[in-house]
Amino acid sequence: MSLPATPKGWAIRLTQILSAVQGTHGLPRFPIDVAALAQDFSRQVFPDAPITIVRGLDLSKGVEGMLMPHPNGRGEWGIVYNETIRSAGRRNFTLAHELGHYLLHRRAHPGGLKCTNRNMADWDEARNRIEGEANTFASYLLMPLDDFREQIKGRVIDIDVMTELSDRYAVSLTAAILKWMTITDKRAMIVVGKEGFIDWAWSSEPLIRSGIYYAARQTVVEMPAASLAAQDVDWDTGRHGRLHPAGIWLGAEPVHEMTVFSPGNEMSISLLLYPDRAPSRWEMAELEEEPTLDTFDKFMSGNAG
Ligand SMILES: [Zn+2]
């Protein structure tokens, strides 16, 4: 049997193997135990390069996980997470991400790979190929599309639904939201804040088509002062969210913002929901300050990057 060559191909192959094992032993399908899978599978399929270390290590701040050659020099590998991170979901997602690097990139990177917290949000393969591929693999392995679609069918998406999904699949809340963002036809954005600034943000494809997105991650953008993310709101207020008038967030539309803060408040995660229907050109023309047709066309065409 030939081996897959793509992130999705690998995820589907492992899902098939898992389904067979789970079926035989009557085990639940989710969440997926990446630690056990990585060791069992690599021993069988790559006996010369098995994964023999799966654990937490005291890694420096900002590093989420690593793929590393075993120090014994016998061709074995390790996948590790930063043990200072307490979230079981983040640890599991990181292990799946590192398993993706092992399957797809270890030959090109014999010295291993070190992945930052931000790399876990690099889901765009056009922008960062190997990090995007590792995330695609992790996303499809831990949250297979058929099941994910089944879970959200007919439901109004909010932070509670996303939290439930992150529990179901044992992934971080951001990973569950990003997964949804890659498949939704809703106009939505995830904004992760740190110390009063936007650390990174990601718009769904339909929102990008309306020209609403934060362009470069390098740009320093302050969190809007009137946003929930910039305020000291309690858990329930943040979770239920607030409908902001146009002008608080990007774009000339009202925005429903729901926000959760990580323990210790070092990070905020906001889910922004824009109205389903983008304003028409006519409506936009009334909102804008007499835009010339030229700049307006540029705005509408998106120029996503
Ligand atoms: Zn990585």
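Residues numbered from 1 in each chain as written. Predicted model: local features only at pLDDT ≥ 70, side-chain atom pairs only at ≥ 80, totals over all residues. Heavy atoms only, no water.

K.L.:
Help me out: how do you make sense of the side chain of Thr-174 in this one?
P.N.:
Within the element layout of this structure, Thr-174 appears in helix H7 (residues 173-183). Given the relative accessible area of 15%, Thr-174 is considered buried. Among the polar contacts made by the side chain of Thr-174, one reaches the side chain of Ser-172 at a distance of 3.2 Å. Each residue touching Thr-174, except ones within four places of it in the same chain, is listed here: Ile-190, Val-192, Trp-200 and Ile-269. (Helix = DSSP H or I, 4+ residues; strand = E, 2+ residues; numbered from the N terminus. Buried < 20%, exposed > 50% of the residue type's maximum accessible area, 1.4 Å probe, protein only. Polar contact = N/O pair within 3.5 Å; in protein donor to acceptor, adjacent residues only side chain to side chain. Contact = heavy atoms within 4.5 Å.)

K.L.:
Before we go on, may I ask you to explain the packing of helix H1 (residues 7-25) against helix H4 (residues 129-142) in this structure?
P.N.:
A packed helix pair is summarised by two numbers, namely the angle formed by the two axes and the spacing between the axes. Packing of H1 against H4 brings their axes to within 8 Å, and their N-to-C directions diverge by 25 degrees. Looking at the two axes, H1 sits roughly parallel to H4. For H1 against H4, the interelement crossing comes out right-handed. Touching Pro-7, Lys-8, Trp-10, Ala-11, Leu-14, Thr-15 and Leu-18 of H1 are Glu-133, Thr-136, Phe-137, Tyr-140 and Leu-141, all from H4. (Axes fitted to C-alpha atoms, helices over the stretch in contact; angles between N-to-C directions. Parallel < 35°, antiparallel > 145°, perpendicular 65-115°, else oblique. Left-handed = near helix turned anticlockwise from the far one by under 90°.)

K.L.:
How should I be thinking about the sheet that holds strand E4 (residues 113-116) in this particular structure?
P.N.:
Across a sheet, paired strands are connected by hydrogen bonds in the backbone, their directions being either parallel or antiparallel. The strand order E1-E3-E2-E4 describes an open sheet built from 4 strands, whose pairing is mixed. Where the open sheet ends on each side, the last strands, each with one partner, are strand E1 (51-57) and E4. This sheet shows a mean twist of 10 degrees between the axes of neighbouring strands, independent of strand direction. For E1 and strand E3 (residues 77-82), the ladder comprises 6 bridges, and the chain directions are parallel. Counterpart to Leu-57 in the pairing with E3 is Asn-82. (Pairing = 2+ DSSP bridges.)

K.L.:
Help me understand H1, please; the structure alone is not making it clear to me.
P.N.:
Residues spaced three or four apart along an α-helix point in a common direction, a consequence of the helix completing one turn every 3.6 residues. An ideal rise of 1.5 Å per residue puts 27 Å on 19 residues; H1 measures up with 27 Å between its terminal C-alpha atoms. The secondary structure elements touched by the buried residues of H1 are helix H2 (34-45), helix H3 (88-105) and H4. Gly-26 occupies a position one or two residues after H1 and carries a positive phi of about 60 degrees. (Expected span 1.5 Å × (residues − 1).)

K.L.:
Sorry if this is basic, but what is going on with the domain arrangement of the protein here?
P.N.:
Interface extent is often summarised as the accessible area lost during association of the parts. You can read the domains of the protein as domain 1 (7-145) and domain 2 (184-300). Each of domain 1 and domain 2 was reduced to a C-alpha centroid, and the two centroids are 32 Å apart. Taking both sides of the interface into account, the surface hidden between domain 1 and domain 2 amounts to around 690 Å²; carbon and sulfur atoms contribute 41%. Taken together, the connections running from domain 1 to domain 2 amount to 1 salt bridge. The partner of Arg-118 in a salt bridge is Asp-199, and the shortest N-O contact between them spans 2.6 Å. The interface formed by domain 1 and domain 2 holds 2 residue pairs in polar contact (both at pLDDT 80 or more) in total. (Domains from an automatic or database assignment. Buried area = accessible area lost by both parts, 1.4 Å probe. Salt bridge = Lys/Arg side-chain N within 4 Å of Asp/Glu carboxyl O.)

K.L.:
Which parts of the structure should I look at to understand unusual backbone geometry?
P.N.:
Glycine aside, a negative phi is what most residues show, and trans is what most peptide bonds show. A cis amide bond links Phe-30 to the next residue, Pro-31, at an omega of -5 degrees. With respect to the helices and strands, the residue Pro-31 is situated in the loop between H1 and H2. Backbone geometry places Ala-170, a non-glycine residue, at a positive phi of 55 degrees. Inspection of the secondary structure assignment puts Ala-170 in the loop between helix H6 (159-169) and H7. Its identity as a non-glycine residue notwithstanding, Glu-195 has a phi of 50 degrees, on the positive side. You can see Glu-195 is positioned in the loop between strand E5 (188-194) and strand E6 (197-203).

K.L.:
Teacher, can you tell me more about the layout of surface pockets here?
P.N.:
In this structure, the largest pocket spans a volume of roughly 1,100 Å³. Contributing to the lining of the largest pocket are 38 residues, with Ile-85, Arg-90, Ser-262, Glu-266 and Met-267 lying nearest its centre. Among the secondary structure elements, those contributing two or more residues to the lining of the largest pocket are strand E2 (63-69), H3, H6, H7, E5 and strand E8 (255-261). At 4 residues, H3 tops the list of elements feeding residues into the lining of the largest pocket. Its residues assigned to classes, the lining of the largest pocket comprises 17 nonpolar, 13 polar and 8 charged. Looking at which domains feed residues into the lining of the largest pocket, each of domain 1 (7-145) and domain 2 (184-300) supplies at least three. (1 Å grid on protein atoms, 1.4 Å probe; cavity = no way out; pocket = protein on both sides within 12 Å on 5 of 7 lines; lining within 4 Å. Points joined across faces, edges and corners; volume = space filled by probe spheres on them. Nonpolar A, V, L, I, M, F, W, Y, C, P; charged D, E, K, R; others polar.)

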